[in-house]
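Structural features, examined
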Amino acid sequence: MDWVSVSQLKERIGQEVELRGWLDGKRSSGKLHFLQVRDGSGVVQCVMFRGDVDEATFQRADHLAHESSVVVHGSVKADARSPIGVEVSAKGFEVVHESEEYPITPKEHGVAFLMEHRHLWLRSSRQRAILRVRAEIIAAVRSFFDDRGFVLVDAPIFTPAACEGTTTLFETDYFGEKAYLTQSGQLYMEAAAMALGKVYCFGPTFRAEKSKTRRHLTEFWMVEPEVAYFTLTEDMVLAEEFLEYVVSRVLERRRPELALLERNTAALEKVKAPFPRLSHREAVALLLEKGVPADENDDFGAEQETVLAQSFEKPVIVHRYPAVCKAFYMKKDPADPSRALCMDVLAPEGYGEVIGGGQREDSLEALESEIRRHALPMEAFKWYLDLRRYGSVPHAGFGLGIERTVAWICGLPHVRETIPFPRMLEKITP
RNA sequence: UCCUCGGUAGCUCAGGGGUAGAGCGACCGGCUGUUAACCGGUUGGUCGGGGGUUCAAAUCCCUCCCGAGGAGCCA
């Protein structure tokens, strides 16, 4: 008898099969049991009639806790009442391990309880759908860059100093020296772009900020492309094509998961390049028009970002922020040196910033002066400055936060469900 | 770090000075088509910790701990 996954059952109608999985649910009606068996590929109902199995097996199935691991032998039958179109008539039934009383029940639970049981919560249908969409997004990200001639270059996790200097870093002891967990692979990608032209890194990043919101994690995954000879305009085009590709691929391959999550896919269908683009000054004007206070020389706050994003059905690109709000490596706009050649992509439906990036400063003198202005240790950036000594070229790139992208595409209110084991402010278990 | 709300049964919550409650879960029983099954019964408590006020505190006060939402900052 063949071991078959639930997802393959439709091709096995009329055949005897073996299923290996977990008892996802159970209902009983006197002389028959309805056993929902989950094996990772799906859930199928196994119907066990008293008389089809020996009495001991029938009793065993009647007194079995949720999540007990089981092996079922039976024949596959088409059934219109089944959500997946098939059922299994159980003939044999083996308990691999009898579960203790399972803490997560079909009824409602609070977020705190579910997060404490994250290792078990992953088994529930919504969480399985989210993890599959996350995996699809990551696969799409890699295909997009791989297919366009980008080379994957891994950035280090241990770094000797702040990449941006402004945000808090996790400090570790590195053989008696201070080292920090990376908050961005960008500076290393700039070096790699000078070697390979088009590169990207994809890995975890760490921010020790005491942020306590639905958009923040202390450990999150980021993809960061960097391209030699790219300017801001080309960077924005790349970001648009990239987001369009990722969203369309999820729509193409993960419809059932999006349906289970009750995601409004019509909103996602609209994510087609080009996106609306506003300079920071234009965005401020739009906000003032809508009666929202805004300042041309200030960064946007949460409310302003939300209003901007809700003004459009597609993601919106805001570029040329005031240079004073931005990191030291951002190139100034030659047409207006008070502006940085940077851009943010704000996702629609209130999901906020999913991409941040821009053109990098390529002049040695300008970069040195910015490092001094930000009071950063020049010595730590010696190697980075070398990139401006030996064949410096215009270049640009951006970073996309995977978890915010997953939250947006899945329509989730909080990033904590978008990563298998979230690391948040004062939360490191399980 | 700051602001707001919360912590009572395994879970979700009600009770806000005078005998500790409900639904779900679990357990026992019934039912040959259940989909969060249904019906009957049983079980279930350090009311977050400590201190105070009071004849009497889950309830009022102080303090600490934990959780949720928001701000700033960011992806």
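Residues numbered from 1 in each chain as written. Chains lettered and ligands numbered in written order. Predicted model: local features only at pLDDT ≥ 70, side-chain atom pairs only at ≥ 80, totals over all residues. Heavy atoms only, no water.

**Section: the pattern of salt bridges**
The line we're drawing: Criterion for a salt bridge: a side-chain nitrogen of Lys or Arg within 4 Å of a carboxyl oxygen of Asp or Glu.
Overall, the coordinates contain 29 salt bridges when judged by the stated rule. A cluster of three or more residues bridged by salt bridges with shared partners is formed by E136, R249, E252, R253, R254 and E257.

**Quick word on the protein's contact with RNA strand B**
Quick reminder of the rule: We call a residue near a molecule or strand whenever a single non-hydrogen atom of that residue lies within 4 Å of it. Between N or O atoms, a polar contact is any pair within 3.5 Å; within protein, one atom must be a potential hydrogen donor and the other a potential acceptor, and residues adjacent in sequence are included only when both atoms are from side chains. For helices the rule is a DSSP run of H or I covering at least 4 residues; for strands it is a run of E covering at least 2, with both sets numbered from the N terminus onward. Only Asp, Glu, Lys and Arg are considered charged, only Ala, Val, Leu, Ile, Met, Phe, Trp, Tyr, Cys and Pro nonpolar, and every remaining residue, Gly among them, polar.
Near RNA strand B lie 47 residues; those nearest to it are R27, E87, R207, R214 and R404. Sugar and phosphate atoms form 50% of the subset of RNA strand B atoms that lie within 4 Å of the protein. One nitrogen or oxygen atom from the side chain of E87 is found 2.2 Å from a base nitrogen belonging to RNA strand B. Here a sugar or linking oxygen of RNA strand B and a side-chain polar atom of R404 are 2.2 Å apart. Going through the elements one at a time, β2 (16-28), β3 (32-38), β4 (43-49), α2 (111-116), β12 (219-228), α10 (302-310) and β18 (352-359) are the ones with two or more residues in the surface near RNA strand B. Element by element, the count of residues in the surface near RNA strand B is highest for β18, at 4 residues. By residue class, the composition of the surface near RNA strand B is 11 nonpolar, 16 polar and 20 charged.

**What about the packing of aromatic side chains?**
Rules: In this analysis, rings of Phe, Tyr and Trp, with Trp reduced to its six-membered ring, are considered paired at centre separations within 6.5 Å, and the interplanar angle assigns stacked below 30 degrees, edge-to-face beyond 60, and tilted for intermediate values. Burial classes follow relative accessibility: with a 1.4 Å probe on protein chains only, a residue under 20% of its type's maximum area counts as buried, one over 50% as exposed, and anything between as partly exposed. We call a charge positioned over a ring when the NZ of a Lys or the CZ of an Arg lies within 6 Å of the ring centre and within 35 degrees of the ring normal.
This model, assessed by the stated rule, comprises 17 aromatic pairs. Between F242 and F398, the aromatic rings sit 5.8 Å apart at their centres with planes inclined by 40 degrees, giving tilted as the arrangement. With F242 in helix α6 (residues 232-253) and F398 in strand β19 (residues 395-401), this residue pair connects regions lying 156 residues apart in the sequence. By relative accessible area, which is 0% here, F242 ends up buried. The class for F398 is buried, based on a relative accessible area of 1%. Three or more aromatic residues link up through ring pairs in this structure, and these residues are F144, F145, F150, Y200, F242, Y245 and F398. Here the basic side chain of R20 rests over the ring of W3, its NZ or CZ set 4.0 Å away from the ring centre. Between the NZ or CZ atom of R388 and the centre of the ring of Y384, over which it lies, the distance is 4.2 Å.

**Topic: the packing of helix α4 (residues 125-147) against helix α13 (residues 402-410)**
Basically, it comes down to this: Convention adopted: a line fitted to C-alpha atoms gives each axis, helices being fitted over their contacting stretch, and angles between N-to-C directions are expressed from 0 to 180 degrees. What sets the label is the angle itself: under 35 degrees gives roughly parallel, over 145 gives roughly antiparallel, 65 to 115 gives roughly perpendicular, and the rest give oblique. When the near helix sits turned anticlockwise from the far one by under a right angle, the crossing is termed left-handed; a clockwise turn instead gives a right-handed crossing. Two residues qualify as a contact provided that any one of their heavy atoms is within 4.5 Å of a heavy atom in the partner residue.
Packing of α4 against α13 leaves a shortest axis separation of 10 Å and a crossing angle of 120 degrees. As summarised for this structure, α4 and α13 are arranged oblique, according to the angle between their axes. Taken as a pair, α4 and α13 cross one another with a handedness that is right-handed. Across from I130, V133, R134, I137, I138 and V141 in α4, the residues of α13 making contact are I402, E403, T405, V406, I409 and C410.

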